[in-house]
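# Structural description and commentary
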Amino acid sequence: MNLLLLATLCLGTALAIPKFNQTFDAQWHHWKSKHRRLYGTNEEEWRRAVWEKNMKMIELHNGEYSNGKHGFTLEMNAFGDMTNEEFRQVVNGYKHQRHRKGKMFQEPLMLKIPKSVDWREKGYVTPVKNQGQCGSCWAFSASGALEGQMFRNTGVLISLSEQNLIDCSRAEGNQGCNGGLMDYAFQYIKNNKGLDSEESYPYEAKDGTCKYRAEFAVANDTGFVDIPQLEKALMKAVATVGPIAVAMDASHSSFQFYSKGIYFEPNCSSKDLDHGVLVVGYGYEGTDSNKNRYWIVKNSWGPEWGMEGYVLIAKDRDNHCGLATAASYPTVN
């Protein structure tokens, strides 16, 4: 099993004082105010240098987008004062494993798969959440998949507790804010015979002691199903089951500052996965369903990131960023 562990966040302090681009002054002060950043003198110089480097990268990319080089744009966001290495350490907490132990997805036969699906329109998806500076993406991916399956069974959409998973599923192999797996979360819920609601067990973005209370449990599962590592199989699962928990390579600066459009990163890996997300549908741009296809992916970095918290990721392009590599969903009675 390959484990991608979050390292301790270390800030460089031995940098020479940089020369700043004064044209960015107003934007920098606005960004600090918007995101409530307060720094010491030495740290501010370092953070301003990181932020300015990210701004220049964003402007370069968007200029290339205007010239037709990219199909998506970037924008400055709450991750602006982080290097890409810090960003990956703080927010990406999926731990990849080679051997999976769930039941295998049985593809439906003789079924006409629709050309587009969006489970948000059917009431299966809760509002976008924010994991904060905690590597708990796996918990949000798992809760989102179970929220959809509970809605499918009951017709009632209830937000489920990621903090319950963070605090209580270590015996199954998860490591709280230091990372985990969606399948381990599903196994915990089965073993525990329940998962509390978000309302009764609210999110804290940090590790804590287990405070699960059975009387507040609003969801359960009987296990989980792993989907074959093929985009066609994932498409059939999304079309017939509902939102699916998936992992991806989210390590690139282009993803850190994604704004809108169909995300395609030439350096994205289909094997080196570090972030858990939720596929809630798929579709295509334009009038030809054979071109510009995408997955609709719910992230857990708040509604200010990307397209109100969502990203469109290129579909049917050699399993781009690995969405089909470790896809699964919980089973419920």
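Use the structure listed above.
Residues numbered from 1 in each chain as written. Predicted model: local features only at pLDDT ≥ 70, side-chain atom pairs only at ≥ 80, totals over all residues. Heavy atoms only, no water.

A separate point is the overall build of the protein. Across its full length, the protein carries 8 helices and 12 strands. A compact globule built from 333 residues would reach a C-alpha radius of gyration of about 20 Å, and the protein, at 20 Å, matches this within 12%. Its C-alpha atoms give the protein principal-axis dimensions of roughly 60 × 50 × 35 Å. Entry remark: accessible area of the protein is about 15,900 Å², with carbon and sulfur atoms responsible for 50%. Across the protein, the 37 positively charged side chains and the 38 negatively charged ones have centroids separated by 4 Å. (Helix = DSSP H or I, 4+ residues; strand = E, 2+ residues; numbered from the N terminus. Rg over C-alpha atoms; globule rule 2.2 N^0.38 Å. Areas by Shrake-Rupley, 256 points an atom, 1.4 Å probe, with all protein chains shown as cover. Lys, Arg positive; Asp, Glu negative; His and termini not counted. Charge placed at Lys NZ, Arg CZ, Asp CG, Glu CD.)

What follows concerns the packing of aromatic side chains. A complete count under the given rule lists 21 aromatic pairs for this structure. Centre to centre, the rings of phenylalanine 255 and tryptophan 305 are 5.1 Å apart; their planes meet at 50°, and the pair counts as tilted. Here phenylalanine 255, found in helix H8 (residues 253-256), pairs with tryptophan 305, found in the loop between strand S10 (293-298) and strand S11 (310-314); they are 50 residues apart in sequence, far enough to count as distant. Among the aromatic residues, ring-to-ring pairing joins Phe72, Phe79, Phe87, Phe255, Tyr258, Tyr263, Trp301 and Trp305 into one connected group. Directly above the aromatic system of tryptophan 295 lies the positively charged group of lysine 315, at a separation of 5.1 Å from the ring centroid. (Phe/Tyr/Trp six-rings, centres within 6.5 Å; stacked < 30°, edge-to-face > 60°. Lys NZ or Arg CZ within 6 Å of the ring centre and 35° of its normal.)

What follows is about the state of the cysteines. One pass over the full model with this rule turns up 3 disulfides. The disulfide bridge from cysteine 134 ends at cysteine 177, spanning 2.0 Å between sulfur atoms. The chirality of the disulfide connecting cysteine 134 with cysteine 177 is left-handed, given an S-S dihedral of about -95°. Of this pair, cysteine 134 sits in the loop between strand S3 (117-118) and helix H4 (137-154) while cysteine 177 sits in the loop between helix H5 (162-168) and helix H6 (182-192), and the two are 43 residues apart along the sequence. By the burial criterion, cysteine 134 is buried, and cysteine 177 matches it. Note that cysteine 268 is cross-linked by a disulfide to cysteine 321, the S-S spacing being 2.0 Å. In this structure, the disulfide formed by cysteine 268 and cysteine 321 twists by about 115° around the S-S bond and is classed as right-handed. Of this pair, cysteine 268 sits in the loop between strand S8 (258-263) and strand S9 (275-284) while cysteine 321 sits in the loop between S11 and strand S12 (328-331), and the two are 53 residues apart along the sequence. Of the two residues examined, cysteine 268 and cysteine 321, each falls in the buried class. (Disulfide = S-S within 2.5 Å. Buried < 20%, exposed > 50% of the residue type's maximum accessible area, 1.4 Å probe, protein only.)

Once that is clear, we can look at a nonpolar patch on the surface. Judged by side-chain polarity, Val156, Ile158 and Val218 come together as a nonpolar surface patch covering roughly 200 Å² of accessible area. One can find isoleucine 158 in the loop between H4 and H5. Given a relative accessible area of 35%, isoleucine 158 falls into the partly exposed group. (Patch = residues over 30% accessible without salt bridge, like charges linked within 9 Å, V, L, I, M, F, W, Y side chains within 5 Å. Salt bridge = Lys/Arg side-chain N within 4 Å of Asp/Glu carboxyl O.)

Once that is clear, we can look at the pairing of S10. S10 sits mainly inside the fold: 5 of its 6 residues count as buried. Examined bridge by bridge, S9 and S10 share 6 bridges and lie antiparallel to one another. Pairing of glycine 283 across the sheet is with tyrosine 294, part of S10. Pairing of S10 with S11 involves 5 bridges; the strand directions are antiparallel. Considered in S11, the bridge of isoleucine 296 is made with leucine 312. (Pairing = 2+ DSSP bridges.)

Time to look at the environment of valine 156. In this structure, valine 156 sits in the loop between H4 and H5. Residue valine 156 is classed as partly exposed on the basis of its relative accessible area, which comes to 45%. Considered as a pair, valine 156 and tyrosine 124 are 32 residues apart in the sequence and their alpha carbons are 8.8 Å apart. Not counting the four nearest positions on each side in its chain, valine 156 is found in contact with Met150 and Phe151. (Contact = heavy atoms within 4.5 Å.)

Counting through the fold element by element, histidine 35 comes out in the loop between helix H1 (25-34) and helix H2 (41-66). On the basis of relative accessible area, histidine 35 is assigned to the buried category, the value being 15%. As a C-alpha pair, histidine 35 and glycine 208 span 173 residues in sequence and 26 Å in three-dimensional space. Aside from chain neighbours lying at most four places away, what touches histidine 35 is Asn77, Ala78 and Glu304.

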